[in-house]
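Coordinates in review
The residues making up each chain are set out below.
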Amino acid sequence: MITVDSACLGFSHGGTTLPVLRDISFTVEECDSCAVIGPSGCGKTSLLFLLAGLLRPDQGVVEVAGQAQSGMILQNYGLFPWKTVAENVGLGLVLRGTARKTVLATVERLLGEMGLSGFGGHFPGQLSGGMQQRVAMARALAVEPRILFMDEPLSSLDALTRERLQNLIAEVWLSKRITMVLVTHSIEEAVFLGRRIVVLGGRPGRVLRLVDNPEAGGGDYRDSDVFFRRCVLLRQILKGEGDGPEA
Amino acid sequence: MGRKRDIALAAVVLLVLWEAAALALDSMALPQPWQVALDTARRLADGSLLDDLAISTLRALAGIALALATAVPLGLMVGAEEGLRRRLSPYIYLLYPVPHVVLLPLIIILFGIGEFSKIFLIALIVFFQILVTTRDAAKNIHRNYYLAIETLGASRLQVYRHVILPATLPKILTAMRISIGTAVAILFFVESFATTRGLGYIIMDSWGRSDYVALYSGISSMAALGFSLYLLLDRLERRLCLWTQSH
């Protein structure tokens, strides 16, 4: 369970404080999925870092059950170019002092699940963007997180790869029964993956609307009327900053 | 393979040029390469050159090793820890441009004319070259890598082991490449006085005795020493930085 109540955040820079997030409140249930969407510069990534414990709020409350057992996928994947794919995936376990045998077995299994069997000895620089993304996913999943945080995980991929990986994320979320928080600037991605959608806007960023989207993650959701209507709704909220109709 | 062939070819061309120059000049001051090769082989066979080669190699290696062992950890920390960087950088800024070779009299007063003074001067000069490069490389590691390893729950020591050291290793090796030339030059300098062993001594001694063949034998041996260290570093780089060659 994630609870954010009246959280504010600012960055101090040369003596002045630049407010980044203002009065943010929402909750995410255990094993639910949440998408945070908003225009560039509205504080989406900062909000994610608050949830992951990488930043602390100046005011308000951020409570994340199981924060210590979270995995994170960063923008541009954050893979280490000096480590092989297998070493990248196993790193979280190695840092925890897990036995070598267990690490190898886990890495092997995850590479299989992500369709990367046989690529363990490659370096990230030798892989395509979509494959690197799957490596990042495998690395985050290796530590068996209760919560998975993702910061625009698919933003630099082509449309088809993107859709395939959205399906993979949905599958992972449903099969592993984890809580998922995804930051994106893509309306379709937010609607496909977030059962709860936090729409941010303005500077400093504030919550424009919380949209419930219980159908998210379903296999053919993309082709349904509801999906289309939700996308239109999000577009209107983002455009008119909050005055759109109910779906 | 092509590279090795090109290097061998370049060596042959240089030898031919030397031979041609020796024939054209017809002077005692420039013996022909085969005369030098013969003299070198004779000295190697009777063991006399081997001793000098060994002591020079040891001095150079010990100096470089001492510099590495101190400059790399310090450079990594000064680069990666902001507080330390702010406090120590002014000192490095002031001390780096000093021509350290002029400290030789001081070093001899402090440590005497034995082996340690020689090794210490080599180490001191190489130290600053490696320190500055390592510090700058550690300072410029992308923030994303730190975030990535933090989200995996690494301790500070693990951050050094898995991010800071491997990220800076290619730059450290480049610094070492430059340092080898410097180390061999300083080696000659420290062996040109107060010792009766080492390649530098052979060069100075044969010069004094106008034994030009022996002089060139010493010079060639010193060049061979520098070249061997270079080859060793090449090997090391290929083993340690596989990822930089994989694109």
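Keep in mind it's a predicted model, so treat the numbers as computed, not measured.

A word on the overall build of chain A
Along its length, chain A carries seven helices and nine strands. Taken over C-alpha atoms, the radius of gyration comes to 18 Å for chain A, in line with the 18 Å a tight globule of 247 residues would show. Each principal axis of the C-alpha distribution contributes one length, and for chain A these read about 55 × 50 × 30 Å. Pairs at least 24 residues apart make up 69% of the contacts formed inside chain A by residues separated by at least 6 positions.

A short note on the pairing of strand S7 (residues 179-184) of chain A
All names here are of chain A. Across the six residues that make up S7, a large majority, six, are buried. Alternating positions in S7 separate into two faces, Thr179, Val181 and Val183 on one and Met180, Leu182 and Thr184 on the other, with burial throughout. As defined by bridge partners, strand S3 (residues 33-37) adjoins S7 across five bridges and the pair is classed as parallel. Residue pairing across strands places Ser33 opposite Met180, the latter belonging to S7. Here strand S6 (residues 147-151) runs beside S7; their pairing, made up of five bridges, is parallel. Residue pairing across strands places Phe149 opposite Val181, the latter belonging to S7.

Quick word on the interface of chain B and chain A
Between chain B and chain A, the residue contacts involve 17 residues of the former and 16 residues of the latter. Put simply, the parts of the chain that give the side of chain B that touches chain A at least two residues each are helix H7 (143-151) and helix H8 (156-191) of chain B. For the side of chain B that touches chain A, the leading source of residues is H7(B), giving six residues. Across the side of chain B that touches chain A, the residue classes tally to nine nonpolar, seven polar and one charged.

Here we look at helix H2 (residues 33-45) of chain B
Residues separated by three or four positions in an α-helix point in the same direction, a consequence of the helix having 3.6 residues per turn. Residues and elements named next belong to chain B. Relative to the 18 Å expected for 13 residues at 1.5 Å per residue, H2 spans 18 Å between its end C-alpha atoms, a close match to the ideal helical length. For H2, the full list of buried residues reads Val36, Asp39 and Arg43. All buried residues of H2 lie within an arc of 65° about the axis, which places them on one face of the element. Exposed positions of H2 whose direction lies more than 90 degrees from the buried face are Trp34, Ala41 and Ala45.

A word on the nonpolar core
The tendency in soluble globular proteins is for nonpolar side chains to be buried as a group. Counting residues in each nonpolar core, the largest one holds 130 residues, and the members touching the most others are A:Val199, A:Leu234 and B:Ile122. Excluding residues that lie within four positions of it along the chain, A:Leu234 makes contacts with A:Ile37, A:Ile187, A:Ala190, A:Val191, A:Ile197, A:Val199 and A:Val211.

Observations regarding the packing of H2(B) against helix H3 (residues 48-80) of chain B
Geometrically, a packed helix pair is captured by the angle between its two axes and the distance between the axes. All names here are of chain B. In contact at an axis separation of 4 Å, H2 and H3 are set at 85° when each is read in the N-to-C sense. Looking at the two axes, H2 sits roughly perpendicular to H3. Contacts between H2 and H3 involve Thr40, Arg43 and Leu44 on the former and, on the latter, Ser48, Leu49 and Leu50. Taken together, the residues that form the contact of H2 with H3 break down as three nonpolar, two polar and one charged.

What about the domain arrangement of chain B?
Residues and elements named next belong to chain B. Entries for chain B in the domain assignment read domain 1 (1-29) and domain 2 (31-245). Each of domain 1 and domain 2 has a C-alpha centre, and the two are 28 Å apart. Listed as interface residues are six residues of domain 1 and, on the opposing side, four residues of domain 2. Taken together, the residues of the side of domain 1 that touches domain 2 break down into five nonpolar, no polar and one charged.

A short note on the confidence of the model for chain B
Mean pLDDT over chain B: 92, with 99% of residues reaching 70 or higher. Predicted complex, confidence summary: ipTM 0.82, pTM 0.84.

Some remarks on the packing of H3(B) against helix H4 (residues 82-95) of chain B
Residue and element names in this part refer to chain B. Interhelical geometry of H3 versus H4 gives an angle of 115° and a closest axis separation of 6 Å. When H3 is examined against H4, the residues Met77, Val78 and Gly79 are found in contact with a partner set consisting of Leu84, Arg85, Leu88 and Ser89. Looking at the contact of H3 with H4, its residues break down into four nonpolar, two polar and one charged.

Quick notes on the domain arrangement of chain A
Residue and element names in this part refer to chain A. Domains assigned within chain A are domain 1 (2-66 + 146-240) and domain 2 (81-143). Put simply, the middle of domain 1 and the middle of domain 2, counted by C-alpha atoms, are 26 Å apart. Contacts between domain 1 and domain 2 engage eight residues on the former and five residues on the latter. The element contributing the most residues to the side of domain 1 that touches domain 2 is helix H5 (residues 159-176), with three residues. Here the residues of the side of domain 1 that touches domain 2 are counted per class, giving six nonpolar, two polar and no charged.

Focus: the sheet that holds S3(A)
Residues and elements named next belong to chain A. With mixed pairing, six strands are arranged side by side in an open sheet as S5-S6-S7-S3-S8-S9. Unpaired on one side and paired on the other, strand S5 (70-73) and strand S9 (206-212) mark the two borders of the sheet. Neighbour-to-neighbour, the strand axes of this sheet turn through a mean angle of 15°, independent of strand direction. Pairing of strand S8 (residues 196-201) with S9, which is carried by six bridges, proceeds in the antiparallel orientation. Across the sheet, residue Leu200 finds its bridge partner in S9, namely Val207. Lying on the sheet, helix H4 (residues 129-142) is in contact with S5 and S6; it crosses S5 at an angle near 165°. Sitting on the sheet, helix H7 (residues 225-240) is in contact with S3, S8 and S9, with an inclination near 25° to S8.

What counts as what
- Residues numbered from 1 in each chain as written.
- Chains lettered and ligands numbered in written order.
- Predicted model: local features only at pLDDT ≥ 70, side-chain atom pairs only at ≥ 80, totals over all residues.
- Helix = DSSP H or I, 4+ residues; strand = E, 2+ residues; numbered from the N terminus.
- Rg over C-alpha atoms; globule rule 2.2 N^0.38 Å.
- Contact = placed C-beta atoms within 7 Å.
- Buried ≥ 20, exposed ≤ 12 C-beta atoms within 10 Å, placed from the backbone.
- Pairing = 2+ DSSP bridges.
- Nonpolar A, V, L, I, M, F, W, Y, C, P; charged D, E, K, R; others polar.
- Expected span 1.5 Å × (residues − 1).
- Arc of directions from axis to C-beta.
- Core = buried A, V, L, I, M, F, W, Y, C linked by C-beta atoms within 7 Å.
- Axes fitted to C-alpha atoms, helices over the stretch in contact; angles between N-to-C directions.
- Parallel < 35°, antiparallel > 145°, perpendicular 65-115°, else oblique.
- Domains from an automatic or database assignment.
- pLDDT = per-residue confidence, 0-100.

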